[in-house]
Amino acid sequence: MCQARGDAPGFRVPRSLAPFREETVMYDHRKLGRELDLFDTDPLIGSGLPYWLPDGAAVRLALEEYVRDVERRAGYRHVYSPVLGKRELYEISGHWAHYHEDMFPPMDLGGEQVVLRPSLCPHHALMFRARGHSYRELPLRLAELGGMHRAELSGVLGGLTRVRAIQLNDAHIFCAPGQAVDEARAALDLIAAAYRAMDIRPVRYRLSLPGPGGKYVADPGLWERASALLEEVLKEAGLPYEAEEGEAAFYGPKIDVQIADHAGRESTLSTVQIDFYQPERFDLHYTGPDGGRHRPVMVHRSIVGSVERAVAHLIEVHGGAFPAWLAPRQVVVLPVSEAEIPAAEALAGRCRELGLRADVSAQGSLSARIRAAHLTPYQAVVGSREAADGSVSLRLRGSRSLPPMPVGEALGKIAALAGTRRPELWEE
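Conventions we followed
- Residue positions are given per chain, counted from 1 along the sequence in the order it is written.
- Local features in a predicted model are, by the rule used here, given only for residues with pLDDT of at least 70; side-chain atom pairs are given and counted only at 80 or more, and totals for whole chains, interfaces and linings are based on all residues.
- Each side-chain value is worked out from all heavy atoms of the structure, with water and hydrogens disregarded.
- Secondary structure follows DSSP: runs of H or I at least 4 residues long count as helices, runs of E at least 2 residues long count as strands, and numbering of each begins at the N terminus.
- In this treatment the radius of gyration is a C-alpha quantity, and the globule benchmark scales as 2.2 Å times the residue count to the 0.38 power.
- Note on exposure labels: buried denotes an accessible area under 20% of the residue type's maximum, exposed denotes more than 50%, and partly exposed covers the range between, all computed with a 1.4 Å probe on protein chains only.
- Any two residues whose heavy atoms approach within 4.5 Å at even a single point are treated as in contact.
- What sets the accessible areas is the Shrake-Rupley method with a 1.4 Å probe; for residues, cover comes only from the shown protein chains.
- Points on a 1 Å grid, built from protein atoms alone, make a cavity when a 1.4 Å probe fits but cannot get out and make a pocket when they are open with protein on both sides within 12 Å along at least 5 of 7 lines; residues with an atom within 4 Å of a point are the lining residues.
- Grid points are joined across faces, edges and corners, and a volume is the space filled by probe spheres set on the points.
- When residue character is reported, Ala, Val, Leu, Ile, Met, Phe, Trp, Tyr, Cys and Pro are called nonpolar, Asp, Glu, Lys and Arg charged, and the others, Gly included, polar.
- Distance thresholds for patches are 9 Å for like charges and 5 Å for nonpolar side chains (Val, Leu, Ile, Met, Phe, Trp, Tyr), applied to residues having over 30% relative accessible area and no salt bridge.
- One speaks of a salt bridge when a side-chain nitrogen belonging to Lys or Arg is within 4 Å of a carboxyl oxygen belonging to Asp or Glu.
- Two strands qualify as a pair provided DSSP detects at least 2 bridges between them.
- Pairing of aromatic rings covers Phe, Tyr and Trp, the last counted by its six-membered ring, and requires centre-to-centre distances within 6.5 Å; plane angles under 30 degrees mean stacked, over 60 mean edge-to-face, and any other angle means tilted.
- Lysine NZ or arginine CZ positioned within 6 Å of the ring centre and within 35 degrees of the ring normal marks a charge as sitting over the ring.
- Among buried residues, those of type Ala, Val, Leu, Ile, Met, Phe, Trp, Tyr and Cys that are joined through side-chain atoms within 4.5 Å constitute a nonpolar core.
- pLDDT measures the predictor's confidence residue by residue and takes values from 0 up to 100.

Undergrad: Is there a simple way to explain the overall build of the protein in this structure?
TA: Counting its secondary structure elements, the protein contains 13 helices and 21 strands. Taking 22 Å as the expected radius of gyration for a compact globule of 428 residues, we find that the protein reaches 24 Å, a close match to that expectation. Based on the C-alpha atoms only, the size of the protein along its principal axes is roughly 75 × 55 × 45 Å. Here the protein holds 428 residues, and the buried ones make up 53% of them. Sequence-distant contacts in the protein: of pairs separated by 6 or more residues, those separated by 24 or more amount to 74%. For the protein, the computed accessible surface area is about 19,200 Å², with 51% contributed by carbon and sulfur atoms.

Undergrad: Hey, could you run me through the layout of surface pockets in this one?
TA: To find leftover empty space, a probe the size of one water molecule is rolled over the atoms. A volume near 1,300 Å³ is recorded for the largest pocket. Lining the largest pocket are 45 residues, with Tyr99, Met148, Arg150, Lys254 and Arg309 sitting closest to its centre. Residue contributions to the lining of the largest pocket peak at five residues, all from strand β12 (residues 266-275). Looking at side-chain class alone, the lining of the largest pocket contains 16 nonpolar, 16 polar and 13 charged residues. Computed from the structure, the second largest pocket encloses a volume of approximately 360 Å³. As for the second largest pocket, its lining consists of 19 residues, of which Thr161, Arg162, Asp261, Arg265 and Ser267 are closest to the centre. For the lining of the second largest pocket, the secondary-structure elements that each account for two or more residues are α1 (29-35), β11 (254-260), β12 and α9 (307-318). Among the elements that line the lining of the second largest pocket, the one with the most residues is α9, at four residues.

Undergrad: Sorry, what's going on with a nonpolar patch on the surface here?
TA: Judged by side-chain polarity, Val83, Leu84, Met107 and Leu109 come together as a nonpolar surface patch covering roughly 300 Å² of accessible area. The residue Leu109 is located in strand β5 (residues 107-109) in this model.

Undergrad: Would you explain the pairing of strand β10 (residues 242-245) in this entry?
TA: The side chains of a regular strand alternate, first on one face of the sheet and then on the other. Bridge count for strand β9 (residues 204-209) against β10 is four bridges, and the pairing is parallel. Looking at the pairing, Ser208 lines up with Glu244 of β10.

Undergrad: Sorry, what's going on with the packing of aromatic side chains here?
TA: For any pair of aromatic rings, the description consists of the separation of the ring centres together with the inter-plane angle of the planes. Tallied over the entire structure, the rule returns five aromatic pairs. On the basis of an interplanar angle of 85 degrees and a centroid distance of 5.8 Å, the ring pair of Tyr216 and Trp223 is categorised as edge-to-face. This pair shows no difference in class: Tyr216 is buried, exactly as Trp223 is. When the centroid spacing of 6.4 Å and the interplanar angle of 85 degrees are considered together, the rings of Phe250 and Tyr277 count as edge-to-face. With Phe250 in the loop between β10 and β11 and Tyr277 in helix α8 (residues 277-281), the pair connects residues that are 27 residues apart, well separated along the chain. Of the two residues examined, Phe250 and Tyr277, each falls in the buried class. An aromatic cluster of three or more residues is present, and its members are Phe250, Tyr251 and Tyr277. Over the aromatic face of Phe276 sits the side chain of Arg225, whose NZ or CZ is 3.8 Å from the ring centroid.

Undergrad: Which parts of the structure should I look at to understand the pattern of salt bridges?
TA: Should the charged atoms of two oppositely charged side chains come close, the side chains can pair. Applying the stated criterion across every chain yields a total of 26 salt bridges. Among the salt bridges present, the one from Asp28 reaches Arg30, with a minimum N-O distance of 3.1 Å. The salt bridge involving Glu64 is made with Arg60; its shortest N-O contact spans 2.9 Å. In this pair, Glu64 and Arg60 both sit in helix α2 (residues 54-73), four residues apart, roughly one turn of the helix.

Undergrad: Mind showing me how you'd approach the nonpolar core here?
TA: Nonpolar side chains in soluble globular proteins generally cluster together in the buried interior. Leu188, Met198, Ile274 and Leu326 are the most contacted members of the largest nonpolar core, which has 70 residues in total. Sort the elements by how many residues they give to this core and helix α6 (residues 180-198) lands first, with 11 residues. Those residues in contact with Leu188, other than ones at most four positions away along the chain, are Tyr205, Val233, Leu234, Ala237, Leu239, Ile255 and Val272.

Undergrad: What's the story with the confidence of the model for the protein in this structure? I'm lost.
TA: The predicted coordinates should not be examined in detail at positions where pLDDT is low. The predicted model of the protein has a mean per-residue pLDDT of 91, with 94% of residues at 70 or higher. Within the model, pLDDT remains below 50 along residues 1-23, and this stretch shows 55 contacts once partners closer than five positions in the same chain are excluded.

Undergrad: Help me out: how do you make sense of the pairing of strand β6 (residues 112-116) in this one?
TA: Looking at chain direction, strand β4 (residues 84-86) and β6 are connected through three bridges and run antiparallel. Looking at β6, one finds that Lys86 is bridged to Val114. As paired elements, β5 and β6 share three bridges and run antiparallel to each other. For Leu109, the partnering residue across the bridge sits in β6 and is Glu112. In sequence, β5 turns back onto β6 through a hairpin of two residues, with Gly110 there showing a positive phi of about 55 degrees.

Undergrad: Explain unusual backbone geometry to me, please; I cannot follow it from the model alone.
TA: Among all residues except glycine, the phi angle is most often negative; among peptide bonds, the trans geometry is most common. Cis geometry is found at the peptide bond from Leu138 to Pro139, where omega equals 0 degrees. Tracing the backbone shows Pro139 in the loop between α5 (121-129) and β7 (140-149). Positive phi values are uncommon outside glycine, yet Asp37 reaches one of about 60 degrees. Tracing the backbone through its elements, the reader meets Asp37 in the loop between α1 and β1 (39-40). Unusually for a residue other than glycine, Asp283 sits at a positive phi of about 50 degrees. When you line up the elements, Asp283 lands in the loop between α8 and β13 (286-287).

Right, here's the structure in full:
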C-alpha cells in the first residue's frame, strides 16, 4: 500500500469516494437489466454485442449528456473520428506490436488493410499533428464519446461489462510537460464529481505499473518519468492508493479507479494516464516561447470509462432505482380514476416540455400502479381535487408523500433537481 500525504488545499475526499460500506446491496446487472427491459442480446447480432432498449437507451443518453456537459465546462473540445484505421496507424502507435491479439483481424479494402480500432488515442494524435500549435494553445483538450472494438474471447463475454463493441468516454490532453500534473489532477476532480452525481463509490485507487515480459514498451526512462508524475498527482489529491505491477497500458502507467461487481470482482471504470510514448511515435510538437519545436505530453483520461461498464455498475449498485437525473422514467403520472386521465396527460406533457422523462399509468388499480412504479423517482397522483385546482400530490421513491402543491411548483423543483444531477430526490 502506498499512502499519499494528507489532503491537498481545497481538496477533500468526498463520501462518494469512500470504499463500499458493508451494508451496500449489489445486484446482478445481467439479470436485472433484462428484467427491467434495459438491454438484451440476440444470436443473430452476435455474442458480446448487446443492444439497448428504450429505457436503457434513456439511461445511456442521460449519462452521455452529463459527460459532454461537464467536459465542455472544463474546457474540452469535442471531436468525432472513424472506428476504422489503416493497420499502419496502429503499427505507428504500437498497438499492433503490443496489443494485436486483442484486436479484430485486418480487412482488405482496395488493396489496403484496415482495422476496427481498439483505442481512440491514435486518431486524436493525428488530429493534433494535422495542424501547427503554439504553446499559447496548450493545454489542448480533445474529447470524444467514440466507438472502439476488442476481440474478446467468447468465454469472458457477459452482459455489459465484457463486450466487443465499446462506447468509450475518452479524452486526450496535449500539454507542455509542466502542465501534465495539473491536468491529471483536474481529471481526478472530474471523476470525483461524476461519482458523486451517479452516487457510486470506488473500492480503491490503483497506480498501474509495468510488469515482466514483452507486453510493454521498453523504455525505462519513459516509465520512470510518467510513474513519478502520477504518484505526485495521487499524493497531491490526498488519495490512498496501491501500486501494482503488470496492470499498466503498454505505452505507460496509469491511475485506475477500481469498482466491484455484485460478486466482488474488481474492474477498472475510470483512468488517468500520462503518456510520453505516443507523442514521440507520432512526432508531435508545438512551438515554444523560444520559437523552437517542443514535444507535448499526452494525458489520457476517461471520466466514466466505457458507457457499457458504467451502466452495468449503476444497475448493480442501484438495483434499477437510479438517481433521478439518470432514471429512464423520472415521473409517472397516476390518475386516480378515468375522469382524471386528461389532466394526467396534460401534466405529463408539461413534464416533457421541461425536459423530464414522464408518462401516464392508467391501467389497473391505483395501489397496483403505485407498486409497479416503485423504481420511478417521482409518482404524481392526480385525483378529482388536484385536477380541479391544478395541483398534484407527489410520492417520492421510498413511499414518502408530500402535501398537494401547484403543478408548476412541483415540476419546477423536480426539473431543477434533475438539472443539477444530484442524487437527492427532494429539497425542502
